[in-house]
Structure formats: C-alpha cells, structure tokens
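Chain by chain, the residues:
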Amino acid sequence: MLLDLHQVVTAPPGASTPRIGPISLSVDAGELVALTGPNGAGKSTLLAAITGRAPVLSGACHLATGTRVQLVEQAHPHDRDLPVSGRDFLAAAGADPHPPAPLNDWLDRRLDAMSGGQRQLLRVWAGLTAPGDLVLLDEPSNNLDAGARAQLHRLLRDRPPHRGLLLVSHDPELLALGCQRQVTMPAGRT
Ligand SMILES: Nc1ncnc2c1ncn2[C@@H]1O[C@H](COP(=O)(O)OP(=O)(O)OP(=O)(O)O)[C@@H](O)[C@H]1O
C-alpha cells in the first residue's frame, strides 16, 4: 500500500481549528481513489497532512518507505507570475517533455502568457509524469471548459499505469472515470 490513512484527524497548517476528519483511506499502486465532500470539509487540508505541511493530530498517516509524492494543487494566483516557458517548467519538474497535443503546442509559451486552463493542464501533465509513485490531484477540473475537461480526462485515462492517484473532485464526470474507491470527507468540526 502506497498510502494508508487510519482515522486521521488534522487541521489547517498553522491553525488548531477546524478539526478535519477522522478519515481513513488507502491508495495502492495503480489505483485511482476519489476524495469528495462538501466545500470546506477539509480535502485540501488532508492533502497538506499527507505531504507533511499540516499536522496529524491523531490517527496514523503512513506512506510506504520511499514513496515519492507529486502534489498538483488547486490553481494558484502566483502561477501566472512564473517567468518560464512551458518547456522549462516541465524540465524543472522532471516531467515528460513530450505531452500530447494540444499541450505540446504551448511549450514555447511562457506560463504567464498561457490561459489559466492551459497552465492547469500542463501542471496536471507535470504531476502525472514527473518522478513519483503517488499523485495527489486537488480539483484538477476547476475552471476548465468542456474541451479542456475532455483533455484532462484523456491525461488521466492515459496516465502512467503503476502510479497511485488520490483525486479530490466534485466533478461527476471525473468521478465517473473509473475510480477504484470513492471516499467522502465528513464535514469539518470547530
Ligand atoms: N490557514 C487556515 N487557517 C484557518 N482555517 C483554515 C485555513 N485554511 C483553511 N481553513 C479552513 O479549513 C477548512 C477546510 O478547508 P479546505 O480548503 O481544506 O477544505 P476543502 O474541502 O478542500 O474545500 P473546497 O472543496 O472548497 O476546496 C475550511 O473551513 C477552511 O475555512
């Protein structure tokens, strides 16, 4: 098992409330596990706990020894300030430099000259193909139009087969992509 959470209770980085959880889930190599739940339930905070940026207040969060984690966060306003080309961004991430069309058409463009959706797809590609065993995707279809959502589905469908994926999403189309399990985050507590 790459990731095994048992009754984990966490809280946002630097805060002691709200308490998030308890939640249990596991992700094995090759599995796609979906994490759903209402806005504010704590899904992004749980990803922060898995990557060590938020505390595990009780329960156990176990990553198999040597597991490399790639986190693709929700689109961040500072993304657009990065003065690098798509090609340099993929190189810096250690990602596959040959994404499928139409992503390959954007590689000579600077990130700050791409649309938010184009940056988002490139970030997902980087997360899926950079060295890693477990990929954490935080609401990757946010702000994508129908065409970009279709591209995202293709990237996920054709992902490297042995990686484990934990997919945070509210998007029914994404959740229908063939998740092994769907786990619902309980509402947060103060
Ligand atoms: N830095 C912080 N300090 C205090 N509270 C925070 C902080 N960051 C988030 N929160 C609170 O923690 C709770 C969980 O937030 P989080 O972003 O993890 O939820 P989420 O399930 O990912 O939500 P969404 O579906 O809207 O993205 C929310 O009530 C939020 O207001």
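Look above for the structure.
Residues numbered from 1 in each chain as written. Predicted model: local features only at pLDDT ≥ 70, side-chain atom pairs only at ≥ 80, totals over all residues. Heavy atoms only, no water.

Draft legend 1. A look at the sheet that holds strand E5 (residues 69-72). Taken in spatial order, the five strands line up as E5-E6-E7-E3-E8 in an open sheet, and their pairing is parallel. Among the strands making up the open sheet, the edge pair consists of E5 and strand E8 (181-184). Sheet twist, expressed as the mean angle between neighbouring strand axes with direction ignored, is 15°. The pairing of E5 with strand E6 (residues 134-138) spans four bridges and is classified as parallel. Residue pairing across strands places Leu71 opposite Leu136, the latter belonging to E6. Most of the contacts of helix H3 (residues 116-129) go to E5, to which it runs at about 170°, and overall it touches E5, E6 and strand E7 (164-168). (Pairing = 2+ DSSP bridges. Helix = DSSP H or I, 4+ residues; strand = E, 2+ residues; numbered from the N terminus. Axes fitted to C-alpha atoms, helices over the stretch in contact; angles between N-to-C directions. Contact = heavy atoms within 4.5 Å.)

Draft legend 2. Broad picture of the nonpolar core. Of all hydrophobic cores here, the largest spans 27 residues; its most connected members are Leu90, Leu121, Leu122 and Leu137. Apart from the residues within four sequence positions on either side, Leu121 is in contact with Leu103, Trp106, Leu144, Ala148, Gln151, Leu152 and Leu155. (Core = buried A, V, L, I, M, F, W, Y, C linked by side-chain atoms within 4.5 Å. Buried < 20%, exposed > 50% of the residue type's maximum accessible area, 1.4 Å probe, protein only.)

Draft legend 3. Structural detail: the packing of helix H2 (residues 86-93) against H3. Their axes nearest at 10 Å, the elements H2 and H3 cross at an angle of 25°. Classified by the interaxial angle, the pair formed by H2 and H3 is roughly parallel. Along this stretch, H2 crosses H3, giving a crossing that reads as right-handed. In contact with Gly86, Phe89, Leu90 and Ala93 of H2, H3 contributes Leu122, Arg123, Trp125 and Ala126. Of the residues in the contact of H2 with H3, the class split is six nonpolar, one polar and one charged. (Parallel < 35°, antiparallel > 145°, perpendicular 65-115°, else oblique. Left-handed = near helix turned anticlockwise from the far one by under 90°. Nonpolar A, V, L, I, M, F, W, Y, C, P; charged D, E, K, R; others polar.)

Draft legend 4. Fine view of the sheet that holds strand E4 (residues 56-63). Read from one edge to the other, the open sheet built from three strands follows the order E2-E1-E4, with strand pairing classed as antiparallel. On the outer flanks of this sheet lie strand E2 (20-27) and E4, each paired with one strand and no other. With direction set aside, neighbouring strand axes in the sheet form an average angle of 5°. Both strand E1 (residues 3-10) and E4 contribute to a ladder of six bridges, which runs antiparallel. If you follow His6 over to E4, its bridge partner there is Ala60. Strands in contact with helix H1 (residues 43-50) are E1, E2 and E4; relative to E1, the strand with the most contacts, it is inclined by about 120°.

Draft legend 5. Spatial organisation of H2. Listing the buried residues of H2 in full gives Gly86, Phe89 and Leu90. Taken down its axis, H2 places every buried residue within 95° of arc, on the same side. Set apart from the buried face of H2 by more than 90 degrees, the exposed residues are Ala91 and Ala92. (Arc of directions from axis to C-beta.)

Draft legend 6. Representation of the site of the ligand. Of all residues adjacent to the ligand, which total 15 residues, the nearest are Gly40, Gly42, Lys43, Ser44 and Thr45. With respect to the ligand, the backbone of Gly40 contributes an N or O atom lying 2.9 Å from an oxygen atom. For the ligand, whose free accessible area comes to 640 Å², the fraction covered by protein is 60%. A total of three residues in the shell around the ligand trace back to one element, the largest contributor, which is H1. (Near = heavy atom within 4 Å. Polar contact = N/O pair within 3.5 Å; in protein donor to acceptor, adjacent residues only side chain to side chain. Areas by Shrake-Rupley, 256 points an atom, 1.4 Å probe, with all protein chains shown as cover.)

Draft legend 7. Up close: the side chain of Arg123. The topology assignment puts Arg123 in helix H3. Judged by relative accessible area, which is 13%, Arg123 ranks as buried. Within the structure, the side chain of Arg123 is placed 3.1 Å from the backbone oxygen of Glu73, a separation counted as a polar contact. Within polar-contact distance, the side chain of Arg123 engages the side chain of Gln120 at 3.0 Å.

Treat this as a map of the structure, not an account of what it does.
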